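Letter by letter, the chains look like this.
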Protein chains: 2
Amino acid sequence: MDKNILSIIKDRQFDDLQVLFAHMNAVDIADALEHSDAAAAVEAFRIVDERISSDVFSYLSADRQHAILGKLSDNEVMEIMEDLSVDDMVDFVEDAPDDVANRVFEAVSDEKSEIVDRILDYPDDSAGSIMTTEIVELAPLTTVKDALHTIRTSGVDKETIYTCYVIDDERKLIGAVTADTLLYSRLNESVGDLMDVNIISANVDDDREELATKFSKYDLLAMPVINRNDRLVGIVTIDDILRVITEEDTEDFSKIAGVKPTEVPYMKTGVLAHAKSRIIWLITLLVTAAVAGIVLGVFEDSLEQMAILVAFTPMLMGAGGNAGAQSATLVIRGMALGEIVKSDLAKLIWRETRIAIICAAILGLANFARIFLMYSGREYTVTLAWVVSLSLAITLIVSKTIGCALPIVAKQFKMDPAVMAAPLITAIVDCAALIVFYFIARSAFGI
Amino acid sequence: MDKNILSIIKDRQFDDLQVLFAHMNAVDIADALEHSDAAAAVEAFRIVDERISSDVFSYLSADRQHAILGKLSDNEVMEIMEDLSVDDMVDFVEDAPDDVANRVFEAVSDEKSEIVDRILDYPDDSAGSIMTTEIVELAPLTTVKDALHTIRTSGVDKETIYTCYVIDDERKLIGAVTADTLLYSRLNESVGDLMDVNIISANVDDDREELATKFSKYDLLAMPVINRNDRLVGIVTIDDILRVITEEDTEDFSKIAGVKPTEVPYMKTGVLAHAKSRIIWLITLLVTAAVAGIVLGVFEDSLEQMAILVAFTPMLMGAGGNAGAQSATLVIRGMALGEIVKSDLAKLIWRETRIAIICAAILGLANFARIFLMYSGREYTVTLAWVVSLSLAITLIVSKTIGCALPIVAKQFKMDPAVMAAPLITAIVDCAALIVFYFIARSAFGI
């Protein structure tokens, strides 16, 4: 953030500010307002060119938006809200306190408030909740000339102009035509002849993650959204999908690390909220780890007889946990990208087992050599070496199988695969590793 | 995948196939060709409508592309390659064997092969390597009418038509004007008056991850790319950025799980390649875990005296590893999104320390209660409870501090922060946890 502009805002040098703002885009202006003192920011907001003021407004944080709105006249509120695209207004109203939301609903036209209301009704992660309703709709018999005129006079937001949708008398979606097709075609051709009829569309209830997968697969810039009666009701654009992908990936990163996802960025989340989002898993792990402790406790006698065995437990548990986490994370990611589906379970286990056998053979041999060299000269060296190596190999195979299977099993029980990530896998594999190790050790050493 | 179409391709029922293809988009046709027998796929490819054949070609895997190209005449190769957008041709040539690449270069115009050659020269992760050169360029004095005519006759690919760039006599970028602005404006206005001069552009050498961050921040659909002399050389579009984000996130998921990232999807990677990408970290962990084993070995005597202590090592190591992984993963993700920067180190450590203290207090107390109840009635119960709880609390604080700091330190040494993810943190924290525990235990119990 440029310190200069912050001090200009702070000192309320509004003439200078106006010159500066003229050379800045909406995002950077919002950034400056966000980082300056609240009272000055409200005043500075009034200086923003009205052509971009609603844009600037949409990039502000909820706090700042509410502060600014509180100081504006009803007329000013109306202007900003009418300029705001439907999806930005939905975002704003969703987080606003009731009185602010009511004031906004009163300020805008009945038509707009009805649309916003309807979108707010869709479930949080659905296509309906992220769509905008600003679409250029054409009839099949419209000519290119009329279509261009419609676009020119519609005043529809830039995001959605690129593709125009063709609907029949019942508002059912029958085709799509892109702006470049219109521009490249003769003016007297009809839209119905030019339109693409193989359209990929979404249903209002579709999950937004599935939408993102389709956007990537089909290289789309926009996707029309239809309701249960096949009527065109809105459009989802690629910039919203970009946000969905980033949010969903961030959520998966959190889950894989055993952190309850929050929607707020790291630096804006308070210390207490951070602690809360992490303590749940840490406590769960305390419980599962206690089980591993109990397993160790069962072998207390064997350990007292042969304390050297303890030296290998961190390695066995670590290798198991990590091997399991590798498989689980790759499968979770593959499922998120739609590359791995539920029916792949058997194929996946077979694949991971073979991978595990290769890794197990290499690690087992490396480990055998290490123990043989490091503990040479003791009477039990060779036995110790093969006991640990065999345990390591079995642990790896068990971990990788569990690691790849659990995310898919979770999905089959309609749970989020990412819940089966590293922390849980580690806890399960820890116990498995210990049990394998001590059973082999006990029978080998007769303790 | 629809089984019906696969059997139609297999049986070479080309008349039926033609009807089917007419109702399918390029991605689905490519999908069908991909999943059918290679020889039949080559023949079926010839039936694809020539308006989308280069599109279909671009969605095929490298193997299938080579197989098809081998069967086509020089003329057919030329047609496909000339229709292929520059970035798709770059993708193809990059992975092609030398003889195939040479054949392609000979088939296309000198102009196109020069452009492709130049793009291939840019470093792999740079803006230059993902840009396309198909841009509509306008002069500032051009009228809207002429600009629309230029767009209409340019035949530029759909992706890039949306924004037109305005350049001066020296090809320096001076502004941008969107297709909708042109459509909304009077035909005799000049582009120079309509253009936006606050353009966010990239340099050919910029890192593609930084580009992705800018696209998200500024809600862009396209970004112009300039060379070292400020001359406009290309454009990066949002669909390429979508791919970059997905790839980079997948890479980070792999690294966080201790897997060397590959560019090939999970199911298409061979078992050997999978094993290879995982064995490196597993072996590294074997070595670091051996260090933890050595630490345990040093305390062999104490352990033999008080084997019950061993029962708590899995819990301490597990909690430490997970607490560290939580912090590291969140910081790595925050850095990838540009929310956390190098200069945040001190702020970050202070933040994570406070989070850690809260978590440590809660977990420490919970653990004290658990041990007090589970091991009640022994003479050393209270001492044991506070020894383990204090060790747990210290381990948590150490892990979180190390976990949040290492990714940033890595970045300061120009390393990838994601390398400092869970596996390495776990290894470090494991040793730390053991050392803390046994020092406290030894002095408390005098063993």
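As shown above, the structure is provided for reference.
Description of the structure in this document. (Residues numbered from 1 in each chain as written. Chains lettered and ligands numbered in written order. Predicted model: local features only at pLDDT ≥ 70, side-chain atom pairs only at ≥ 80, totals over all residues. Heavy atoms only, no water.)

1. A few points about the sheet that holds strand S5 (residues 222-226) of chain B
Residues and elements named next belong to chain B.
So, step 1. Spatial ordering of the open sheet is given by S4-S5-S6, a layout of 3 strands whose pairing is mixed. At either end of the open sheet lies a strand with only one pairing partner, and these are strand S4 (202-203) and strand S6 (232-237).
So, step 2. Both S5 and S6 contribute to a ladder of 5 bridges, which runs antiparallel. Looking at S6, one finds that Pro224 is bridged to Ile235.
So, step 3. Across the face of the sheet, helix H16 (residues 208-218) comes into contact with S4, S5 and S6 while running at roughly 140° to S5. (Pairing = 2+ DSSP bridges. Helix = DSSP H or I, 4+ residues; strand = E, 2+ residues; numbered from the N terminus. Contact = heavy atoms within 4.5 Å. Axes fitted to C-alpha atoms, helices over the stretch in contact; angles between N-to-C directions.)

2. Comments concerning the relation of the copies chain B and chain A
So, step 1. Relative to chain A, chain B is turned by 180° and slid 0.1 Å along the rotation axis, the superposed coordinates differing by an RMSD of 0.2 Å. Such a turn and shift between the copies fits a two-fold axis. For chain B, the smallest separation between a C-alpha atom and the rotation axis is recorded for B:Glu304, amounting to 2.6 Å.
So, step 2. Interface overlap between copies is the fraction of interface residues in one copy that are interface residues in the other; for chain B against chain A it reaches 99%, indicating a shared surface. (Least-squares fit on C-alpha atoms with pLDDT ≥ 70 in both.)

3. Focus: unusual backbone geometry
Residues and elements named next belong to chain B.
So, step 1. Backbone geometry at Arg12 places phi at a positive 55°, although glycine is not the residue there.
So, step 2. Mapped onto the fold, Arg12 is located in the loop between helix H1 (3-10) and helix H2 (14-22).
So, step 3. Given the relative accessible area of 33%, Arg12 is considered partly exposed.
So, step 4. Its identity is not glycine, yet Lys414 carries a phi of approximately 60°, on the positive side.
So, step 5. Along the chain, Lys414 falls in the loop between helix H22 (381-412) and helix H23 (422-445).
So, step 6. For Lys414, a relative accessible area of 75% gives the class exposed. (Buried < 20%, exposed > 50% of the residue type's maximum accessible area, 1.4 Å probe, protein only.)

4. Notes on the pattern of salt bridges
All names here are of chain A.
So, step 1. Per the stated rule, a full pass over the model turns up 36 salt bridges over all chains.
So, step 2. One salt bridge in this structure joins Arg103 and Asp74, with 3.1 Å as the shortest N-O distance. Taken as a pair, Arg103 in helix H9 (residues 98-107) and Asp74 in helix H7 (residues 74-83) lie far apart in primary sequence, 29 residues in all.
So, step 3. Assessed through its relative accessible area of 28%, Arg103 is described here as partly exposed.
So, step 4. As a salt-bridge pair, Asp240 and Arg243 come within 3.6 Å of each other at their nearest N and O atoms. Taken as a pair, Asp240 and Arg243 lie in helix H17 (residues 238-256) at a separation of 3 residues, close to a single helical turn.
So, step 5. Each of Asp125, Arg208, Glu247 and Glu248 takes part in a single network of salt bridges with overlapping partners. (Salt bridge = Lys/Arg side-chain N within 4 Å of Asp/Glu carboxyl O.)

5. Describing the packing of aromatic side chains
So, step 1. Summed over all chains, the structure comprises 13 aromatic pairs over all chains.
So, step 2. Measuring from centroid to centroid gives 3.9 Å for A:Phe253 and B:Phe253, while their planes differ by 10°, and the two rings are stacked. Here A:Phe253, found in helix H17, pairs with B:Phe253, found in helix H17 (residues 238-256), and the two come from separate chains. Residues A:Phe253 and B:Phe253 agree in their burial class; the two are buried.
So, step 3. Consider the rings of B:Phe312 and B:Tyr375, whose centres lie 5.5 Å apart with planes at 55°: the pair is tilted. Within this pair, whereas B:Phe312 is found in the loop between helix H19 (300-305) and helix H20 (313-336), its partner B:Tyr375 is found in the loop between helix H21 (345-374) and H22, the two being separated by 63 residues in sequence.
So, step 4. Ring-pair connections join several aromatic residues into one group, and the members of that group are A:Phe45, A:Phe57 and A:Phe92. (Phe/Tyr/Trp six-rings, centres within 6.5 Å; stacked < 30°, edge-to-face > 60°.)

6. Some details on the environment of A:Ile235
So, step 1. Position of A:Ile235 among the secondary structure elements: in strand S6 (residues 232-237).
So, step 2. C-alpha separation for the pair A:Ile235 and A:Thr133, spaced 102 residues apart in sequence, amounts to 6.2 Å.

7. Let's talk about the interface of chain B and chain A
So, step 1. Contacts between the two partners involve 108 residues from chain B, matched on the other side by 107 residues from chain A.
So, step 2. Approximately 10000 Å² of surface area, both sides summed, lies buried where chain B meets chain A, with 69% of it carried by carbon and sulfur atoms.
So, step 3. A salt bridge links B:Asp31 to A:Lys217, with the nearest nitrogen and oxygen atoms 3.4 Å apart.
So, step 4. The tally of links from chain B across to chain A stands at 31 residue pairs in polar contact (both at pLDDT 80 or more).
So, step 5. Here the side of chain B that touches chain A takes 17 residues from helix H18 (residues 271-298) of chain B, the largest share from any one element.
So, step 6. Broken down by class, the residue content of the side of chain B that touches chain A amounts to 67 nonpolar, 19 polar and 22 charged. (Buried area = accessible area lost by both parts, 1.4 Å probe. Polar contact = N/O pair within 3.5 Å; in protein donor to acceptor, adjacent residues only side chain to side chain. Nonpolar A, V, L, I, M, F, W, Y, C, P; charged D, E, K, R; others polar.)

8. A look at the pairing of strand S3 (residues 173-178) of chain B
Residue and element names in this part refer to chain B.
So, step 1. Counting buried positions over the 6 residues of S3 gives 5, a clear majority of the element.
So, step 2. Two elements, strand S2 (residues 163-167) and S3, share 5 bridges in a ladder whose sense is antiparallel. Its bridge partner being in S3, Ile167 is matched across the sheet by Leu173.
So, step 3. In this structure, the hairpin formed by S2 and S3 is closed by a connection of 5 residues, where Arg171 is found at a positive phi of approximately 65°.

9. Some details on the sheet that holds strand S1 (residues 137-138) of chain A
All names here are of chain A.
So, step 1. Reading across from one edge, S1-S2-S3 is the order of the 3 strands in this open sheet, with mixed pairing throughout. In this open sheet, the two edge strands, each paired with only one partner strand, are S1 and strand S3 (173-178).
So, step 2. The sheet contact formed by S1 and strand S2 (residues 163-167) spans 2 bridges and is parallel. Bridged to Leu138 within S2 is Val166.

10. Some points on the packing of helix H21 (residues 345-374) of chain A against H18(B)
So, step 1. Across the interface, H21(A) lies against H18(B) with an axial gap of 9 Å and an inter-helix angle of 35°. As H21(A) packs across H18(B), the resulting crossing turns out to be right-handed. Contact with H21(A), carried on its side by A:Arg351, A:Glu352, A:Arg354, A:Ile355, A:Ile358, A:Cys359, A:Ile362, A:Leu363, A:Ala366, A:Asn367, A:Arg370 and A:Met374, involves B:Val271, B:Leu272, B:His274, B:Ala275, B:Arg278, B:Ile279, B:Leu282, B:Ile283, B:Leu286, B:Ala290 and B:Ile294 of H18(B) and no other residues of that element.
So, step 2. Across the contact of H21(A) with H18(B), the residue classes break down as 16 nonpolar, 2 polar and 5 charged. (Left-handed = near helix turned anticlockwise from the far one by under 90°.)

11. Quick notes on helix H16 (residues 208-218) of chain A
So, step 1. Turning to H16(A), its buried residues number three or more, namely A:Arg208, A:Leu211, A:Ala212, A:Phe215 and A:Tyr218. Looking straight down H16(A), one finds its buried side chains confined to an arc of 150°; they lie on one side. (Arc of directions from axis to C-beta.)

12. Let's talk about the nonpolar core
So, step 1. Judged by nonpolar contacts, the single largest core of 129 residues is most densely connected at A:Leu33, A:Met81, B:Leu33 and B:Met81.
So, step 2. Apart from residues lying up to four places away in sequence, A:Met81 is in contact with A:Phe57, A:Leu69, A:Met89, A:Phe92, A:Val104, A:Val108 and A:Lys112. (Core = buried A, V, L, I, M, F, W, Y, C linked by side-chain atoms within 4.5 Å.)

13. Section: a negative patch on the surface
All names here are of chain A.
So, step 1. A surface patch of like charges, here negative, comprises Glu50, Asp55, Glu79, Glu82, Asp83, Asp110, Glu111, Glu114, Asp117 and Asp121.
So, step 2. If you tally residues by element for the negative patch, the top one is helix H10 (residues 110-121), at 5 residues.
So, step 3. Relative to the assigned elements, Asp110 resides in helix H10. (Patch = residues over 30% accessible without salt bridge, like charges linked within 9 Å, V, L, I, M, F, W, Y side chains within 5 Å. Areas by Shrake-Rupley, 256 points an atom, 1.4 Å probe, with all protein chains shown as cover. Lys, Arg positive; Asp, Glu negative; His and termini not counted. Charge placed at Lys NZ, Arg CZ, Asp CG, Glu CD.)

14. Here's the deal with a nonpolar patch on the surface
Residue and element names in this part refer to chain B.
So, step 1. There is a patch of nonpolar side chains on the surface, built from Phe372, Leu373, Val382, Trp386, Leu390, Ile394 and Val398 and spanning about 610 Å² of accessible area.
So, step 2. When residues in the nonpolar patch are grouped by element, the largest group, 5 residues, is from H22.
So, step 3. Residue Phe372 is classed as partly exposed on the basis of its relative accessible area, which comes to 39%.

Note that every value here comes from positions in space, so none of it alone points to a role or purpose.
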